[in-house]
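# Understanding the architecture of this molecule
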Amino acid sequence: MRPNDPFARLPEAASFTVTSTTVTDGAAWAPEQHASGTPGGKDISPQLSWYGAPDGTKSYAVTVYDPDAPTGSGFWHWAVADIPATVTQLPEGAGDDSGTGLPEGAFQLPNDARAARFIGAAPPAGHGPHRYFVVVHALDVESIGVPADATPAVLGFTMSGHILGRAVLTATAETSAEAAAETTEGTGTETIAETTPGTPV
């Protein structure tokens, strides 16, 4: 088991498949999927498509989580709940402030920067590579029943007894000390977002 395995103590679930035109499993995010304030960063959520979910799936949730963030609890970048079972893809950029790219009935929860949208990668300089677990959760309920202002952790806890399957894609990102020195200190970094709730990034 790798350190900081986000599935280590969760109930077993069937596997199905998620793919992306934005990023290949195991590869680095493009600059557009990094946080604004980093070189090229635009906070654009990835395109996702999935298939093979277990029978009985009544809705989906999508989460993007970095277990390697230096917080003791990781860092939630995106959480979307109540995606209808008839939907099997999200377009790139669906996780913007408006959420208009999401299907009817789905909603975004506030991430760890307390913004109800996708926030891009910005690992602290010199901290090494971070993993970003992009997960589509197949659920046995049409609505998971959490309020729109709930945290992604509350969503995860509530989902734990309803997950039929998980489709997982892992992206990576790393900020070298040299690259960080070329940017304005303190702008749009994950370090700021992790320690100052509500900071726009």
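Here the structure is shown first, and the text comes after it.
### Side note on the side chain of threonine 57
Mapped onto the elements, threonine 57 comes out in the loop between β3 (48–51) and β4 (59–66). Judged by its relative accessible area of 15%, threonine 57 falls in the buried class. In terms of polar contacts, threonine 57 uses its side chain to reach the backbone carbonyl oxygen of proline 54, at 2.7 Å. Those residues in contact with threonine 57 that lie beyond four places of it in its chain are Ala85, Ala138, Leu139 and Leu164.

### Some remarks on the sheet that holds strand β5 (residues 75–84)
Read across the open sheet, the six strands follow the order β1-β9-β8-β4-β5-β7; overall the sheet is mixed. The open sheet has two edge strands, β1 (14–15) and β7 (107–108), and neither has a second partner. Two strands pair when backbone bridges link them, and β4 and β5 are joined in this way by seven bridges, in the antiparallel orientation. By the bridge assignment, tyrosine 60 is partnered in β5 with isoleucine 83. Its contacts with the sheet place helix α1 (residues 152–159) against β4, β5, β8 (130–139) and β9 (163–173), and it is angled at close to 50° to β5.

### A word on the nonpolar core
In this structure, Trp29, Trp50, Val62, Trp78, Ile83, Leu90 and Val136 are the most contacted members of the largest nonpolar core, which totals 27 residues. Where this core is concerned, the elements lending two or more residues are β3, β4, β5, β8 and β9. In this structure, valine 62 is in contact with Leu48, Trp78, Ala79, Val80, Ile83, Leu90, Val135, Val136 and His137, ignoring residues within four places of it in sequence. Counting 12 residues, the second-largest nonpolar core is a separate cluster that includes Leu139, Ala150, Leu155 and Met159.

### What to know about the pattern of salt bridges
Summed over the entire model, instances satisfying the criterion amount to two salt bridges. Put simply, aspartate 68 and arginine 131 hold a salt bridge, and the shortest N to O gap is 2.8 Å. On the criterion of sequence distance, the pair formed by aspartate 68 in the loop between β4 and β5 and arginine 131 in strand β8 is long-range, its members being 63 residues apart. In terms of burial, aspartate 68 and arginine 131 fall into one category: buried. With its nearest N and O atoms 3.1 Å apart, the salt bridge here joins arginine 117 to aspartate 97.

### Concerning the environment of phenylalanine 7
Along the polypeptide, phenylalanine 7 turns up in the segment before β1. The contacts of phenylalanine 7, once residues within four sequence positions are left out, are Phe133, Val135, Arg166 and Val168.

### Describing α1
Along α1, the residues classified as buried are Pro152, Leu155 and Met159. All buried residues of α1 lie within an arc of 55° about the axis, which places them on one face of the element. On the buried face of α1, the contacting elements are β4, β5, β8 and β9.

### So, the environment of leucine 10
Following the sequence through the fold, leucine 10 ends up in the segment before β1. Each C-alpha atom, one on leucine 10 and one on isoleucine 163, is 9.9 Å from the other, the two residues being 153 residues apart in sequence.

### Side note on the packing of aromatic side chains
In this structure the tally under the stated criterion is seven aromatic pairs. Relative to tyrosine 60, the ring of tryptophan 50 lies with its centre 5.4 Å away and its plane at 65°, an arrangement referred to as edge-to-face. Residue tryptophan 50 is located in strand β3, and its partner tyrosine 60 is located in strand β4; the two are separated by 10 residues in the primary sequence. By the burial criterion, tryptophan 50 is buried, and tyrosine 60 matches it. Of the aromatic side chains, those joined through ring pairs into one cluster are Trp29, Trp78, Phe118 and Tyr132.

Rules used in this analysis
Residues numbered from 1 in each chain as written. Predicted model: local features only at pLDDT ≥ 70, side-chain atom pairs only at ≥ 80, totals over all residues. Heavy atoms only, no water. Helix = DSSP H or I, 4+ residues; strand = E, 2+ residues; numbered from the N terminus. Buried < 20%, exposed > 50% of the residue type's maximum accessible area, 1.4 Å probe, protein only. Polar contact = N/O pair within 3.5 Å; in protein donor to acceptor, adjacent residues only side chain to side chain. Contact = heavy atoms within 4.5 Å. Pairing = 2+ DSSP bridges. Axes fitted to C-alpha atoms, helices over the stretch in contact; angles between N-to-C directions. Core = buried A, V, L, I, M, F, W, Y, C linked by side-chain atoms within 4.5 Å. Salt bridge = Lys/Arg side-chain N within 4 Å of Asp/Glu carboxyl O. Arc of directions from axis to C-beta. Phe/Tyr/Trp six-rings, centres within 6.5 Å; stacked < 30°, edge-to-face > 60°.

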